[in-house]
Number of protein chains: 2
Amino acid sequence: MTVSERCLLAKRNAHSVAESTEAEKNEMLSRAAEALTAHAEDILAANARDLSVFNRGEQLRDRLLLTKERIAGVAEGLKQLRRLQCPVGEVIERRTAENGLFIERVRVPFGTVGIIYEARPNVTADAIGLCIKSGNAVVLRGSKDAFHSNAAIVRIIKESLADGGFNPEFIQLLEDCSREGAVEFMRCKGALDVLIPRGSASLIQSTLENATVPVIETGTGNCHIYLEATADPVEARDIVINAKTQRPSVCNAAESLVADRSFAEKHLCEIVCALRDRGVCVVGDGASRNICAEIGAAAEEDFDTEFLSLKISVKIVENVEEAVSFINAHSTHHSEAIVTEDEAAAETFLRKIDSACVYVNASTRFTDGFEFGFGAEMGISTQKLHARGPMGLRELTSYKYVVRGSGQIRK
Amino acid sequence: MTVSERCLLAKRNAHSVAESTEAEKNEMLSRAAEALTAHAEDILAANARDLSVFNRGEQLRDRLLLTKERIAGVAEGLKQLRRLQCPVGEVIERRTAENGLFIERVRVPFGTVGIIYEARPNVTADAIGLCIKSGNAVVLRGSKDAFHSNAAIVRIIKESLADGGFNPEFIQLLEDCSREGAVEFMRCKGALDVLIPRGSASLIQSTLENATVPVIETGTGNCHIYLEATADPVEARDIVINAKTQRPSVCNAAESLVADRSFAEKHLCEIVCALRDRGVCVVGDGASRNICAEIGAAAEEDFDTEFLSLKISVKIVENVEEAVSFINAHSTHHSEAIVTEDEAAAETFLRKIDSACVYVNASTRFTDGFEFGFGAEMGISTQKLHARGPMGLRELTSYKYVVRGSGQIRK
C-alpha cells in the first residue's frame with residue numbers, strides 16, 4: 001500500500017474513533033495497555049531484531065532499546081490517559097445573533113494526525129494513546145531503524161482493539177520508511193489534517209521544507225538561563241546546575257548561560273566550577289573568559305547550538321535589555337529563565353522574551369505537559385500557530401462553528 | 001531592499017506596536033483613517049495609474065477600482081476597529097502547581113504577520129488596521145497590478161503615524177512583486193511568525209507549496225446546501241436563492257445543491273426555475289436531470305469547482321448519510337448547510353460534516369467575522385490548525401506561558 005493510500009485508509013476510518021464515547025476510548029486504552037504487557041516478549045524480540053543491525057551510536061541505541069520495564073512504563077502511560085477528560089465536544093463559546101442565529105464554537109478532533117519521528121518506539125504507543133483519547137485517527141511514520149519494534153507495537157495494539165469489537169483501522173503505520181516516502185507523507189494534504197514531527201532539528205527542518213500539510217514544529221530547545229545583576233547566587237547556581245545537568249539530552253535543558261557583568265564578576269567562577277565538577281564543558285565569549293579562566297573559547301555557532309549534552313555556552317551582558325536582545329536572537333523560542341531579585345527586571349524579561357515558556361527564578365526543565373498539569377504530552381511546540389509550549393490532549397483538537405437557524409437569509 | 005530585509009525590518013520594529021497601549025493603538029487607527037480620507041485624491045491618482053495598464057477583465061478590474069466612497073468605507077472600517085477590545089494581555093488560564101510554580105497562559109500578538117494577496121487595495125488598509133489593533137507587525141505583499149494604489153495607502157498611513165510620534169516601521173510593503181519575491185517571502189521563517197494568503201485557490205496553493213513559514217489557509221469555499229427529505233420547500237428555496245445569488249463572487253456563496261430524491265421529486269423544479277429566473281446556470285448529475293429537464297449536464301469537475309459566479313451544481317442523494325459522504329468528499333471544508341425539519345438528520349449533519357461552519361436552516365452567507373460578532377475579519381480559515389472559520393482579532397494572537405517561581409528545580 002502506498003503512503004497516500006495508507007493515510008486515506010486512516011482518514012476513512014477516523015469516524016470510528018471520533019464518534020467513540022469516553023467509555024469506549026478508555027476501554028481501547030485499557031486493552032492496548034494490557035496487550036503490550038501480555039505480549040512484551042514479542043515486542044522485545046522485534047526490538048532485538050532492530051538492535052541487531054543498529055550501529056548509530058550508544059546514545060541513539062539507548063533510545064531505540066526496549067526492556068520489560070520500559071514496556072511496562074509505556075503501558076502505564078496508556079492507562080493513565082484514561083483518567084484525563086477528553087476535551088472533544090466542549091462548547092467553547094456560544095452566542096445568539098440579533099437575527100436569531102444560535103452560534104456555538106464546539107471542540108472537535110483534528111481528524112487525522114500524522115506523526116513523523118525517529119528511532120524511539122515508545123513514541124509509537126504514546127502517540128496512539130493520545131490520538132485515541134483525543135478522538136483522532138493517526139498515521140505513524142517511524143524510523144526504519146525501529147521498524148520491527150514499531151510494527152510489533154502497532155500490530156499488538158490493533159489486535160487488542162479488534163478483539164474488543166473496535167475498528168482499529170484509524171491507526172496506520174507506514175511500512176515505507178524511505179526518504180521519498182517521508183516526503184509523500186508530508187504532502188498528503190487531502191488525508192492528514194496536521195503533521196507533528198518529533199525529533200531532531202534536521203527532521204523538523206526537512207518537514208518544514210517539504211510539508212504542504214499544516215505542521216506543528218516541536219522540540220528544538222536552545223534554552224537560556226539569564227543571571228541578572230541582583231540574582232541570589234545560591235539560587236542561580238542551583239537553577240543552572242539543574243537546568244544543565246539533571247537530564248542534558250532533553251529539549252528543555254539549558255544550553256546557554258547569560259550573565260550580567262556585575263553578577264558574573266562576583267559569582268560566575270563559582271558556578272563554572274560547580275558545572276565542571278559535574279562534567280560540564282563550559283565555553284564562553286571573551287568577556288566571560290576574562291572573568292573566569294576556566295571557561296574555554298566558544299565558537300560563534302556554539303551560541304546557536306542545542307548541545308543536548310554536558311556542554312554550555314556563556315555570554316556576558318550589561319543589563320536586561322542586552323540579555324533580551326541576545327536571547328531573542330539566538331534562542332529557538334522554547335524556554336528561557338531569568339534569575340533575579342528585581343521585579344522590574346523580571347517583568348521586562350517576561351514581556352520581551354519571545355519564547356513559548358518564560359520563567360522567573362525556576363529551572364527551564366519544567367516545560368513539560370506533566371509538570372504543567374496536562375497529564376500527557378505530545379511534544380512541545382516552538383511555533384506560535386495553534387499551540388505553543390507543551391501540547392496535551394486539548395492541543396490535539398480543533399473546533400467548528402455549529403449554527404442553528406430558522407430560515408435566516410442574509411440581507 | 002530585499003524581501004528578507006524588509007521582513008526583518010518589520011520584525012525589528014514589532015515591539016513598537018506590540019508594546020503600545022490600547023489608547024495608542026486607537027490613536028494610530030484614527031490617524032490612519034483620517035489620513036486616508038484627507039489624501040483620497042492621492043490614492044485615486046495612484047489607483048488610476050494601476051487601472052490604466054490593467055487588462056485582466058472587468059470582474060478583477062472592479063476589485064482593483066477605488067472610488068471616493070470605497071476609500072471612505074475603508075477609513076470607516078479602521079475607525080470601527082477602535083471600538084473593539086484588543087485581546088492581547090488576557091490571562092487565558094492560571095494555575096499554581098504543587099511545587100508552588102505559578103503558571104499563567106497569557107495572550108500575546110503573533111509578532112510579525114505576512115499577508116499575501118491579489119489586486120484588492122482595500123485589503124492593504126484592512127490588514128494594517130487589524131494588525132495595529134492586535135499588536136502585530138505586518139508585511140504586505142500585494143499584487144503588482146495594485147502596486148501604486150498599495151504604495152500610496154501604505155505611505156499615507158505610515159506618514160500619519162509618524163506625524164503622531166509613532167514609529168511606523170512595523171508596517172512594511174514589499175516593493176518586489178515578482179514570483180521569486182513571493183517565494184522568498186513565503187520562506188522568511190526567521191522574520192515572519194505566520195503567513196496569511198488571501199485570494200484565489202491558485203494563490204493559496206502556491207503558498208502551501210512554497211511556504212516554510214506557518215500558513216493559515218483561507219477562503220476557498222465550495223459550499224453546499226443540502227435539502228433533506230423533510231425540508232420546508234419555501235425555506236429551502238429562499239436559502240438556496242440567498243446563498244447562491246445574494247453575492248455570488250464571495251467564498252461563502254453556495255456552489256452546490258445536494259437534494260434528497262424524495263424532496264427533489266416534489267420541489268426541485270420549482271427551485272431550479274427560481275434560480276434560472278435570477279440568471280443562474282444550473283448543471284447536475286443524471287438523476288437531477290431526470291427529475292428536472294431544465295438542468296444542464298454537469299462535468300465531473302463541476303462538483304469540485306468554486307464557481308464564484310451565477311452557476312450551481314446539483315446532486316441527488318438518497319439520504320443524509322450519502323449527502324454527508326458526498327459533501328465531505330467535494331467540499332473545501334468552509335461552510336455547508338442542511339435544510340430540514342428532522343432534528344435527527346440535522347444533528348447527524350452537524351456532527352459528521354467536516355467543515356469550519358455547519359448550518360441548520362440558514363444561508364451559508366453568514367460565515368463572516370462581522371455576522372459572527374467579531375467586529376472585524378482577516379479572512380476565513382479552512383484549515384483546522386489554530387483558527388477555523390472567520391478570523392477576527394483573537395485569531396491574530398498566540399499565547400505564551402509565564403511561570404513565576406522561587407528557586408524551583410526539577411527533581
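First things first, this report covers the structure right here in the doc. None of these values were measured; they are calculated from a predicted model.

Side note on the overall build of chain A
Reasoning step 1: Helix and strand counts for chain A come out as 15 helices and 16 strands.
Reasoning step 2: Computed over C-alpha atoms, the radius of gyration of chain A comes to 24 Å, within 12% of the 22 Å expected from 2.2 N^0.38 for 411 residues, which places it in the range of a compact globule.
Reasoning step 3: When the backbone C-alpha atoms are referred to their principal axes, chain A occupies close to 70 × 65 × 35 Å.
Reasoning step 4: By the burial criterion, 59% of the 411 residues in chain A qualify as buried.
Reasoning step 5: Placing the 48 positive and 59 negative side-chain charges of chain A at their respective mean positions leaves the two points 6 Å apart.

Re unusual backbone geometry
Reasoning step 1: Positioned with a positive phi, His333 of chain A is a non-glycine residue whose angle comes to about 65°.
Reasoning step 2: Its place among the elements puts His333 of chain A in the loop between helix H14 (320–330) and strand E12 (335–339).
Reasoning step 3: The backbone phi angle of Leu308 of chain B is positive, close to 55°, even though this residue is not glycine.
Reasoning step 4: Relative accessible area serves as the criterion here: at 28%, Leu308 of chain B is assigned to the partly exposed category.

Regarding the pairing of strand E3 (residues 112–117) of chain B
All names here are of chain B.
Reasoning step 1: Extensive coverage of E3 is indicated by the burial of six of its six residues.
Reasoning step 2: Both faces of E3 are covered, namely the face carrying Thr112, Gly114 and Ile116 and the face carrying Val113, Ile115 and Tyr117.
Reasoning step 3: Strand direction decides the pairing type here: E3 and strand E4 (residues 137–141), joined by five bridges, are parallel. Residue pairing in the sheet places Thr112 in a bridge with Ala137 of E4.
Reasoning step 4: Regarding topology, helix H7 (residues 121–134) serves as the crossover connection from E3 to the parallel E4, and that connection is right-handed.
Reasoning step 5: In this structure, E3 lies alongside strand E6 (residues 194–198), joined through five bridges in parallel fashion. In the sheet register, Ile115 faces E6, and the bridge partner there is Ile196.

Brief notes about the sheet that holds strand E5 (residues 171–173) of chain A
Residue and element names in this part refer to chain A.
Reasoning step 1: With respect to topology, four strands assemble into an open sheet ordered E5-E4-E3-E6, the strand pairing being parallel. Strands at the two margins of the open sheet, each flanked by one partner only, are E5 and strand E6 (194–198). With direction set aside, neighbouring strand axes in the sheet form an average angle of 15°.
Reasoning step 2: Contacts from helix H8 (residues 147–163) reach strand E3 (112–117), strand E4 (137–141) and E5, with the element oriented near 160° to E5.
Reasoning step 3: Along the sheet, helix H9 (residues 179–186) makes contact with E3, E4 and E6, crossing E3 at roughly 150°.

What to know about the packing of aromatic side chains
Reasoning step 1: Scanning the entire structure with this criterion turns up twelve aromatic pairs over all chains.
Reasoning step 2: Ring centres 5.0 Å apart and planes at 65° place the aromatic pair Tyr401 of chain A and Phe372 of chain B in the edge-to-face group. Residue Tyr401 of chain A is found in strand E16 (residues 397–408), and its partner Phe372 of chain B is found in the loop between strand E13 (357–362) and strand E14 (379–381); the two belong to separate chains.
Reasoning step 3: Among the residues examined, Tyr401 of chain A registers a relative accessible area of 3% and is labelled buried.
Reasoning step 4: With a centroid separation of 6.3 Å and an interplanar angle of 90°, the aromatic rings of Phe372 of chain B and Phe374 of chain B are classed as edge-to-face.

Side note on the interface of chain B and chain A
Reasoning step 1: Counting residues at the interface gives 73 residues for chain B and 73 residues for chain A.
Reasoning step 2: Where chain B abuts chain A, roughly 6,000 Å² becomes buried across the two surfaces, and 48% of that area is made up of carbon and sulfur atoms.
Reasoning step 3: The largest per-residue losses of area from chain B upon contact with chain A belong to Leu385, Tyr401 and Arg410 of chain B, which jointly make up 15% of the total buried on that side.
Reasoning step 4: The interface formed by chain B and chain A holds 14 salt bridges in total.

Some remarks on the relation of the copies chain B and chain A
Reasoning step 1: Screw-axis analysis of chain B against chain A gives a translation of 0.0 Å along the axis, an RMSD of 0.0 Å, and a rotation angle of 180°. When the rotation and shift are considered jointly, the pair of chain copies conforms to a two-fold rotation axis. Residue His386 of chain B, judged by its C-alpha, is the member of chain B lying nearest the rotation axis, at 1.8 Å.
Reasoning step 2: Taken as a fraction of all interface residues of chain B, those also at the interface in chain A reach 100%, which identifies the copy contact as same-surface.

Digging into the pattern of salt bridges
Opposite charge on two side chains makes pairing possible when the charged atoms of those side chains draw close.
Reasoning step 1: One pass over the full model with this rule turns up 58 salt bridges over all chains.
Reasoning step 2: Here Asp354 of chain A ties to Arg388 of chain A by a salt bridge, and the two come within 3.1 Å at their closest N and O atoms. Of this pair, Asp354 of chain A sits in the loop between helix H15 (343–352) and strand E13 (357–362) while Arg388 of chain A sits in the loop between strand E14 (379–381) and strand E15 (389–391), placing them 34 residues apart in sequence.
Reasoning step 3: By relative accessible area, Arg388 of chain A is classed as buried at 2%.
Reasoning step 4: We note a salt bridge from Glu255 of chain B to Lys244 of chain B, for which the minimum N-O separation is 2.9 Å. You can see Glu255 of chain B sitting in strand E8 (residues 254–260) and its partner Lys244 of chain B sitting in helix H11 (residues 233–245), a full eleven residues away along the chain. For the pair formed by Glu255 of chain B and Lys244 of chain B, the shared burial category is buried.

Some words on the packing of helix H1 (residues 3–12) of chain B against helix H9 (residues 179–186) of chain B
Residues and elements named next belong to chain B.
Reasoning step 1: The contact between H1 and H9 brings their axes to 9 Å, and the two run at 40°. Comparing their axes, H9 and H1 come out oblique. The chirality of how H1 crosses H9 is right-handed. On H9, the residues that touch Val3, Ser4 and Cys7 of H1 are Gly181, Glu184 and Phe185.
Reasoning step 2: Class assignment of the residues belonging to the contact of H1 with H9 gives a composition of three nonpolar, two polar and one charged.

Observations regarding the sheet that holds E6 of chain B
Consider a sheet: its strands pair through backbone hydrogen bonds, and that pairing is either parallel or antiparallel.
Residues and elements named next belong to chain B.
Reasoning step 1: Read across the sheet, four strands follow the order E5-E4-E3-E6 without closing on themselves; strand pairing throughout is parallel. Either end of the sheet is taken by a strand with one partner, and the two such strands are strand E5 (171–173) and E6. Averaged over all adjacent pairs, the angle separating strand axes in this sheet is 15°, with direction ignored.
Reasoning step 2: Seen against the sheet, H7 touches E3, E4, E5 and E6 and runs at an angle of roughly 165° to E4.
Reasoning step 3: The sheet contacts of helix H10 (residues 201–210) involve E3 and E6, and relative to E6 the element is tilted by about 155°.

Things to note about the environment of Asn328 of chain B
Residue and element names in this part refer to chain B.
Reasoning step 1: With respect to the element layout, Asn328 can be found in helix H14 (residues 320–330).
Reasoning step 2: In this structure the C-alpha to C-alpha distance between Asn328 and Glu306, which are 22 residues apart in sequence, comes to 15 Å.
Reasoning step 3: Excluding residues that lie within four positions of it along the chain, Asn328 makes contacts with His333, Lys352, Ile353 and Asp354.
Reasoning step 4: Of note is the side chain of Asn328, whose polar atom sits 2.9 Å from the backbone oxygen of Lys352.
Reasoning step 5: Reaching out from Asn328, the side chain makes a polar contact with the backbone nitrogen of Asp354 at a distance of 2.9 Å.

Regarding the environment of Asp62 of chain B
All names here are of chain B.
Reasoning step 1: Examined against the element boundaries, Asp62 turns out to sit in helix H5 (residues 58–64).
Reasoning step 2: Its relative accessible area of 40% is what places Asp62 among the partly exposed residues.
Reasoning step 3: Taking C-alpha positions, Asp62 is 9.8 Å from Leu51, a pair spaced eleven residues apart along the chain.

A few points about the side chain of Arg388 of chain A
Reasoning step 1: Within the structure, the side chain of Arg388 of chain A is placed 3.1 Å from the side chain of Asp354 of chain A, a separation counted as a polar contact.
Reasoning step 2: Sequence-distant contacts of Arg388 of chain A, that is, excluding residues within four places in its chain, are made with Asp354, Ser355, Ala356, Ser381 and Gln383 of chain A together with Val108, Ser398, Tyr399, Lys400 and Tyr401 of chain B.

The rules behind the values
Residues numbered from 1 in each chain as written. Chains lettered and ligands numbered in written order. Predicted model: local features only at pLDDT ≥ 70, side-chain atom pairs only at ≥ 80, totals over all residues. Heavy atoms only, no water. Helix = DSSP H or I, 4+ residues; strand = E, 2+ residues; numbered from the N terminus. Rg over C-alpha atoms; globule rule 2.2 N^0.38 Å. Buried < 20%, exposed > 50% of the residue type's maximum accessible area, 1.4 Å probe, protein only. Lys, Arg positive; Asp, Glu negative; His and termini not counted. Charge placed at Lys NZ, Arg CZ, Asp CG, Glu CD. Pairing = 2+ DSSP bridges. Right-handed = clockwise from strand over helix to strand, strands pointing away. Axes fitted to C-alpha atoms, helices over the stretch in contact; angles between N-to-C directions. Contact = heavy atoms within 4.5 Å. Phe/Tyr/Trp six-rings, centres within 6.5 Å; stacked < 30°, edge-to-face > 60°. Buried area = accessible area lost by both parts, 1.4 Å probe. Salt bridge = Lys/Arg side-chain N within 4 Å of Asp/Glu carboxyl O. Least-squares fit on C-alpha atoms with pLDDT ≥ 70 in both. Parallel < 35°, antiparallel > 145°, perpendicular 65-115°, else oblique. Left-handed = near helix turned anticlockwise from the far one by under 90°. Nonpolar A, V, L, I, M, F, W, Y, C, P; charged D, E, K, R; others polar. Polar contact = N/O pair within 3.5 Å; in protein donor to acceptor, adjacent residues only side chain to side chain.

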